[in-house]
Every structure is written in C-alpha cells, then in structure tokens.
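Spelled out from the first residue to the last, the chains are:
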Amino acid sequence: MFRATIKSLLSRKLRLGLSAFAVVLGVMFVAGSFVLTSSMAKSYDAMFAGINKNIDVQVTAKPKLDNGGNGGEAIAATIPASEVAKVESAPGVSKVTADVFADGARVIGKDGKVAPSFAPRFGSNWTGEDDLIQLREGKGPTADNEVAIDAAMAKSLNFKVGDTIGVLTLQPKKEFKLVGIFGYSGDRDTLGGSQVVAFTLPVAQELMLGEKDVYTDLQVVADAGVSQTELKKTLEGTLGGTYVVQTRDEVNEANSKDIQQALNFVNYIFLGFAGVALFVGIFLILNTFSMLVAQRTRELALFRAMGAARGQVIWSVLFEALVIGLVASVIGLAVGIGIGAILGSLLSNLGGANIDLQLSVPLSAVISSFVVGVGVTLIAALFPAIRASRIPPIAAMRDAATPDKPLTRITIVGGSIFVLGAAIMSWGLFADADNTLWGLLAGVLLVFIGVALLTPIISRPVVGLLGRIFAWSVPGQLGRRNSARNPRRTAITAAALMVSIALVTGVSTVLASASKSVTDAIGNQLNAELIVAGQQTSAQPPTFDVATLDKMEQAEGVKQVAAFYTGPARINNDQTFLAAMTNPQATKDTLGLKVKSGVIDKVGPNELIVDEDTAKDQHLQLGDSVQVQQVRGNAESYRITGIYEKNSAFTGFLASEDAAKNFQIAQPSQAFIKVDDGADVNKVEAEIKVLLADSPEVTVQNQSAFIDQITSQFDTILLFVQVLLILAILIAILGIINTLALSVIERTRELGLLRAIGLRRSQTTRMITVESVVISVFGALLGIVVGVGLGAAVVQALKSQGLSQFALPWGQMGFYLVSSVLVGVIAALLPALRAARLNVLAAISYE
C-alpha cells in the first residue's frame, strides 16, 4: 500500500504542486514575518547597546501624562538644573552629562515644506564628539543662531554647511546657520531613521522644552568598582520618587520593548494576510484532493477489493497530503527567511540608518511554518480521505466516478454555521465588552465557512444564469453546462476567489461609508468656507504661528475665524484630547454647535463645554467639576458650563484659549474661516495663503479640498489591503487552473468524442474559457455580496463613532467584477490549450 501511494503521488507531481504553492505562499508570510521582526528587534538591541555603552545609569523625570495622553509616545518631562548638582555629589558618581533630547524639531526644506518623516524628529543640545557622534563636516554650534544636523537629513534635503535653514519647534519658524553635519559610529548617517537637529544648550532648552535651565535626562557614569545596580539604589535615595532611575540594561530593555511593540504591529499584519492566504489555500487543496479521489475511484476500489482496510485508504490519502505539506513548509520557510532578510536589509538601511542587520531565524518561525503548512494541508485533505475510504470494492467494476451526493445535509450544516458566525460577529461588533476582536474574527471566519458550504446550492441556478450570457454559441452552451454540472466542485473553486473579493469589498464598503460620512459631516455641519489644517505624520500635530490669527481676522472678506489648539489631557482619569478655542462664539457658528444645556458661546478660564454623548459616557452633568491634567503644570479643577448636542463635525471637550498655555505646543493647529456674504472665496484663500508662508505644516483649503485631504488617507489604506490580497487572489487563480486541468483529464474521453463529431480546437478552447469565466464571475459576485454584508455590519456597529452614512463602492465593485472576467480568461489558458491539443483517437480510448 505504501509503494502504491508513493507511485500515485509521483504520477501527479504537477497537480499536487499547484496545491502546494498555496501553502508555500501562506508559510512564506508566516516565516517572513517572524524572521523580519526577530531580526529587526535583534538589530535594534545591538544598536541601543552601542549607544548606551558609556553610561551606567540614566535619570529621567516622570511625565505628567503617561503615553502622551492617548496611546502615543510619552511626552518628555523636565529635570531642573538644581537636581544635576545633587546627582553629581551623590556617592559613586564619576560623571554626569545633562542632555536635552526631545521630539518635535521639524526642519523646513529648500522647497519650503517640512521634511517628511514617520520616525521621531529630535532637537538636542550639542555636547561635542564622542564614541557615538562624529562630525563629518564643519563644527558644532556655539552661537545661538547656529545648528548642526545629521548626515541623513543633510543628504535628503540637500543642505550644506553655510546654508540657512528654518526649524519649527515649540515656537514658530526660526532660521539658523548650518555650521556642522554629523554622523554616527559605524558609518551611520542616522540612528534608526530619526532626524536630529543640535542647538546650543540655552536654545535647545527654550525651543524644545519651553523652559530655561531644565533637561530631559541625565547620563551618569559610575566610579570604578560601583555597579549599575548599586548606583541606581543610591540615586533613587538621593532623588526620591519624582524621577525614574534606570540602569543601562534597563534602558536598553525599555528601548527594545518600544521597538518590539512597533514590530509586533507589522507582524500581526503579515500573519493576518498569511491566514487569509492559507484559508484560501484550503479550498484549493480540498478541491484538488476531492477531484483526485473521484478520478481514482476504480484504483481505490481495487485496493479495497485486494484487502485494503478503510484506515489504510485514509492514511494513503493523508500521507500524500503530509508529503505536500512538508515540502511546501520547507520551501515556504526557506523563501520566508529570504523575504525576511531582504525586507530587514531594506529597512535597516532606509534613510541612511545603516543598522547592522542581525539575521535571526527564531524557533517560533520554524515551528509555526511546519505546524501551519502541514496542519492546513492535512485538514484540507481529511474529508476527501474519509470519502475515499467509503468507496465500495464493487466500484472497481464501474467506469464512472463517484456520483454527487444530495446537497441537503451540506446546506443545513452551512446555514447553521453561517447563523452561528453571524451571531458571534454581531457580538464582536456590538457588545460593550473588552477583547471582542477575537469574537469578531471568529465570527467572520465562520461566516466565510458557512457561505462556502451554502455555495453549492446557490451555484447551479446562478451559474446557469451567468452562463446564458455566453451561450450564444455551441462552445458557450457546453461551457455553461460544464460549469453547472458539478455544484460542489464549482462552489469550492469559486469560494477561494470569494474570500479575497469579500474582504476587499468589505474594506471598500467601510471606507466608502467613512468618506461619505466625512463629506456629510463637513458639508452639513461646517459653516466655514475655508479651513486651515495639515496632515499629522508624527507625534506632534501640525501647527501655525498664533500671530497670524489677528491678521486672518483682519483680512479683507473674512467674517469670523475659529481657531483651535489641541493637546493630550487626562480628565477625571480618562486619557483623551482637549481643544482650546480662541473664540467660542465663532466656534459655535462655524462648527454648527447647538446648545443642549448651559452656555456654549462663552467659555472662561477653567471652564469646559462638552458634547452630550461624551457627557453621558462619563456621567457628567451641567455644573460638575472635573480634574484636568495637561502636559505642563499641575492638575486643575474645571467646571462644565455647557453641553452641546451631538455633532458630526466635532466631539469632545472644549476649553478657553487660556488652557493652551499648558499644551506641549502652544500654537493653534486648525482654523475655520467664514467669509463675508458676497466675498470672493478664492481671493480670501490666496490672501490667507500668503499669511501662512512661514507655517509650512498647514495649508488653507476650501471644503472640497479639505474633504479630499481627509479621504485620501482611506485610499491609501484600501491600496495597501488590495496589494496584500493579490497573493490570495493568485491562489484563487491557481485553484481555477487546477480545477480545470483536472476536469480536462477527467473528461478526456468526452473531449475526444466532441472533437470526433466536429468540435474544432478553437471551439474547445472557447468552451473551457467560458467554463473558467463563469466560475470566476460567480466567485466575484458571491464575494461582492458577502463583502457588502460584512461592510454594512461594521458600518452599523460604528454608527455611534461617527460613521453615520452607508455607501457602496460602486466603482470598485464594478472593477472587481470586470477583473474577474480577466481572471477567468487567464486561468483558462493552460487547461484550454491542453484540451485543444488532445489526440482525438487517444482521448476516445482513454480509460
């Protein structure tokens, strides 16, 4: 039996190889994600160890707000200069270096725009050259109008020593003379892609921290014979609980933890799409083994007649699946390691970072690859194996393959799974509980399985209807009937494409609804013709010079200006964001706020207004007092003086302009401008644009352009999803190719007879192509319907979060449908060519 299984496996290498390819792609994603994240984490660990090798203990101040107030980077707190002397005089201290090193120094390029960066943009004080920092050109800054920048930024922005550069910080644009360009040890132009501007110490304190004689951290070197742990305990006793004292190892560990969190996000994305690829691959493997079992009916029946037990038949089929899974896992692991190494090399050298890549293949990558690869293949082959074991020995006397069974049982099972999945998905979407994400994902998975099981009952009428479009010729009629003759096979093949199309259609539906909701909110609620705003690409919001506000209000044709400062805050222990208004009356008019209770057009110091939903969620009423902690200063008591009705243009807490003094950046980030009746909006826009010349992070736009700026982010998300799902669609195409190729073999005699009675090669090709296109279009239609349903459920669940409008992405859905025709044509090429080249006499005599 074993030798027979090996021979059977070798005789179908190509067909089984196509199935293995789906597993290879999924395993590649899994292995690549683990290798990439492990290698990058190891590389950053080595980099941080090198950066901090000359310190023993680091002292930092505890920030007023943890995690920047809302899950972002912690906002740097300051250490007074008086504490430096305490540390210097502490026992066991050899040397103390006081640093200013804070995120938020944005360099303006020669094109007048802020240098783009998704990595931190630090401002620091120049401390001179050492083992880490090395001057490449010029000198360090010594005067208050001088700066030095890292080599990566100098290269990307084409700056040279002697140039004048503009820098945005806590203050508006200031110009400096570039006197030095520096790099780092190991011929690195940057550390991890970050941008660094070095000022003199007083300027760094003023521009990056907003205070004199303060620092962000103290780097402490211990006396000989004093360990890191001993020095840490000493300094904790000296400084008390106000400061965070960490050993070098603890600093490195904390830095690594931050990097690992970012890398985990990438890992989850890759693993998510690996799951999709493998789920789609299950349909391909299931269909392949089902057809092979059907074609081997006589062979397997002979085994049974010769004494093979049912268990031997099952293990025979599963052994083939095991070999496929093992081979695919080995190949996928090897390719995944290569992909991880290539991506790691690209990321480690991005922007001149020149990080020494430490290639790492963790045990988790190897184990996951084989568990996933072999497990998916065995699961997919299990049902065909059981079906093979039920073939009676008498079937050896028949010519026909096993007939299709009634669809009643599979329809009932599919319907039950679909209902269960829909219920779990609804709980995940609507339940007010923690950790509902896994419920949502499980529900979506069950919905897909349920739909796949229901597809056979749907396929016959739908495929028959679709086929009539191509039934204008004899080959078209034959292709239509072929695609409808085996509902199970057609359903499984179409389901593979359905999953990919459903996911991308669901995402498209949610994003189209989000775009319509934004358009509706701005169009119906916003009573401002012009908006001053920018896109946030770092921890700091884009801001503009507060001095331009008065000029805006005085500009010809301007009726009202409502400007906002924004920043993180903790309000009664809830991490959130706070906005400060320059003009409450203008805010009420331009944002279309309507009073629910109290007063909302007058807000004084230590007063807040809030929308009714937030007030309800936080159990707040008019007149209540709340504690507000901002980035700067101590917690203050604020009183709720007004509650405004639910508004789709703006929600949350609003304070007076007085609150802006405690924001990290005390400059406005947005402004809404209402023009006079009859004024030329374009003319006013041009005038405001001139006023914002020194604030390159923001632009002035009309409502339409503002909407486009916001919704363009949705287009980027959709493109990302489409690109990653291309591999899943490729697997679906392979599934169609495999199904048609096996179908051609199964119908060899039939095709020979058709050719013998006059069917030409071109007509044979057209027949196979019609069959492929019908299956492909059916899968796309099913995916669009399921995707719209999933998208509608998500939109409904997020209705209270501002997703107030439902919209269908008609353009994308039409594109997916048209593309499915092309997919069908491409998938039919090789099977149709094989069918057309069949030798008529050999085909008629085929057993």
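So, a few notes on the structure that sits alongside this text. (Residues numbered from 1 in each chain as written. Predicted model: local features only at pLDDT ≥ 70, side-chain atom pairs only at ≥ 80, totals over all residues. Heavy atoms only, no water.)

With that out of the way, let us pick up the overall build of the protein chain. Along its length, the protein chain carries 23 helices and 24 strands. Viewed in the frame of its principal axes, the protein chain has a C-alpha envelope of about 100 × 75 × 50 Å. Looking at the 847 residues of the protein chain, the share that counts as buried comes to 52%. When the accessible surface of the protein chain is split by element, carbon and sulfur atoms take 59% of a total near 37,800 Å². Positive and negative charge centroids in the protein chain, built from 69 and 70 side chains respectively, lie 20 Å apart. (Helix = DSSP H or I, 4+ residues; strand = E, 2+ residues; numbered from the N terminus. Buried < 20%, exposed > 50% of the residue type's maximum accessible area, 1.4 Å probe, protein only. Areas by Shrake-Rupley, 256 points an atom, 1.4 Å probe, with all protein chains shown as cover. Lys, Arg positive; Asp, Glu negative; His and termini not counted. Charge placed at Lys NZ, Arg CZ, Asp CG, Glu CD.)

The residue S290 is located in helix α7 (residues 248-295) in this model. S290 sits 417 residues away from I707 along the chain, and the two C-alpha atoms are 51 Å apart. Among residues more than four places away in sequence, those in contact with S290 are P384 and R387. (Contact = heavy atoms within 4.5 Å.)

Contact geometry for helix α14 (residues 487-525) and helix α21 (residues 761-797): axes closest at 5 Å, N-to-C directions at 40°. Crossing handedness for the pair α14 and α21: right-handed. In terms of residue class, the contact of α14 with α21 is made up of 16 nonpolar, eleven polar and no charged. (Axes fitted to C-alpha atoms, helices over the stretch in contact; angles between N-to-C directions. Left-handed = near helix turned anticlockwise from the far one by under 90°. Nonpolar A, V, L, I, M, F, W, Y, C, P; charged D, E, K, R; others polar.)

Orientation of α14 relative to helix α22 (residues 810-836), taken along the N-to-C sense of each, is 165°, at an axis distance of 10 Å. On the basis of the axis angle, α14 is roughly antiparallel to α22. For the element pair α14 and α22, the recorded crossing hand is right-handed. Contacts between α14 and α22 involve I501, V504, T505 and S508 from the first element and Q812, M813 and Y816 from the second. (Parallel < 35°, antiparallel > 145°, perpendicular 65-115°, else oblique.)

With that settled, the discussion passes to the pairing of strand β14 (residues 243-247). Burial along β14 is one-sided: Y243, V245 and T247 are buried, and none of V244 and Q246, which face the opposite way, are. Note that strand β1 (residues 57-61) and β14 share five bridges and pair antiparallel. Bridging from a neighbouring strand, Q58 pairs with Q246 of β14. (Pairing = 2+ DSSP bridges.)

Attention shifts here to the pairing of strand β11 (residues 195-199). Among the five residues that make up β11, five are buried, leaving the element largely enclosed by the rest of the structure. Going residue by residue along β11, you find Q195, V197 and F199 tucked away on one face and V196 and A198 tucked away on the opposite face as well. Note: strand β6 (residues 121-125) against β11, five bridges, orientation parallel. Note on β11: the bridge partner recorded for F122 is V196. Bridge count for strand β8 (residues 146-150) against β11 is two bridges, and the pairing is antiparallel. Residue I149 lies in a different strand from β11, and its bridge partner there is V197.

This part covers the packing of aromatic side chains. Two aromatic rings are characterised by how far apart their centres lie and by the angle between their planes. Here the structure, examined in full by the defined rule, presents eight aromatic pairs. Residues F182 and Y184 carry aromatic rings whose centres are separated by 5.9 Å and whose planes lie at 85° to one another, so their mutual orientation is edge-to-face. Of the two residues examined, F182 and Y184, each falls in the buried class. Measuring from centroid to centroid gives 5.8 Å for F564 and F650, while their planes differ by 20°, and the two rings are stacked. Taken together, the positions of F564 in strand β16 (residues 558-571) and F650 in the loop between β21 (636-644) and β22 (653-656) put the pair 86 residues apart, joining distant regions of the chain. For F564, a relative accessible area of 2% puts it in the buried group. Here the aromatic cluster, defined as three or more aromatic residues joined through ring pairs, consists of W126, F182 and Y184. (Phe/Tyr/Trp six-rings, centres within 6.5 Å; stacked < 30°, edge-to-face > 60°.)

In a beta sheet, neighbouring strands pair by backbone hydrogen bonds and run either parallel or antiparallel. With antiparallel pairing, the four strands of this open sheet are ordered in space as β3-β13-β1-β14. Looking at strand neighbours, the two that pair on one side only are β3 (93-99) and β14, the edges of this open sheet. Neighbour-to-neighbour, the strand axes of the sheet open up by a mean angle of 20°, direction not taken into account. Where helix α3 (residues 81-88) meets the sheet, its contacts fall on β3, β13 (217-222) and β14, and the angle it forms with β3 comes to roughly 165°. Where helix α6 (residues 228-239) meets the sheet, its contacts fall on β1, β3, β13 and β14, and the angle it forms with β14 comes to roughly 170°.

Note that an α-helix has 3.6 residues per turn; residues three or four places apart therefore point the same way. Within the span of helix α15 (residues 547-554), buried status applies to T548, L549 and M552. With its buried residues spanning 110° around the axis, α15 presents them on a single face. Packing partners of the buried residues in α15 comprise β15 (530-533), β16, β23 (670-675) and α18 (681-691). (Arc of directions from axis to C-beta.)

Moving on, we come to a nonpolar patch on the surface. A surface patch of nonpolar side chains, about 280 Å² in accessible area, is lined by V327, I331, V335 and I339. Relative to the assigned elements, V327 resides in helix α9 (residues 310-348). (Patch = residues over 30% accessible without salt bridge, like charges linked within 9 Å, V, L, I, M, F, W, Y side chains within 5 Å. Salt bridge = Lys/Arg side-chain N within 4 Å of Asp/Glu carboxyl O.)

In this section: the pattern of salt bridges. Enumeration over the complete set of coordinates arrives at 14 salt bridges. Between E83 and K86 there is a salt bridge whose closest N-O contact spans 3.6 Å. Here the residue E83 and the residue K86 both occupy positions in helix α3, the gap between them amounting to three residues, near one helical turn. With a relative accessible area of 12%, E83 lands in the buried category. You can call K86 partly exposed: its relative accessible area is 39%. The salt bridge partner of D189 is R136, with a shortest N-O separation of 2.8 Å.

This next bit is on the nonpolar core. Of all hydrophobic cores here, the largest spans 92 residues; its most connected members are F283, F448, M498 and L654. In terms of residues, this core owes the most to one element, helix α19 (residues 703-746), which gives 16 residues. Once you skip the residues sitting within four places of it in the chain, F448 turns out to touch F279, M498, V499, A502, L503, V786 and L790. Within the second largest apolar cluster, 45 residues are counted, among which are A90, V147, F159 and L235. (Core = buried A, V, L, I, M, F, W, Y, C linked by side-chain atoms within 4.5 Å.)

The next subject is the side chain of N662. Inspection of the secondary structure assignment puts N662 in the loop between β22 and β23. Look past the residues within four positions of N662 in its chain and what remains in contact with it is Q630, V631, R632, G633 and E636.

Our focus in this paragraph is unusual backbone geometry. Positive phi values are uncommon outside glycine, yet D213 reaches one of about 55°. A positive phi angle is found at N572, which is not glycine, with a value near 50°. Position of N572 among the secondary structure elements: in the loop between β16 and β17 (574-581).

Turning to helix α5 (residues 201-209), its buried residues are V203, A204, Q205, L207, M208 and L209. Packed against the buried residues of α5 are β4 (101-103), β6, β10 (174-184), β11 and β12 (214-215). Immediately downstream of α5, the backbone of G210 shows phi near 75°, a positive value.

With respect to the element layout, Q618 can be found in the loop between α17 (612-617) and β20 (625-629). Look at Q618 and you get partly exposed, because its relative accessible area is 22%. The spacing of Q618 and D574 is 44 residues in sequence and 8.8 Å in space, taken between C-alpha atoms. Residues in contact with Q618, not counting those within four places in the same chain, are I571, D574 and F653.

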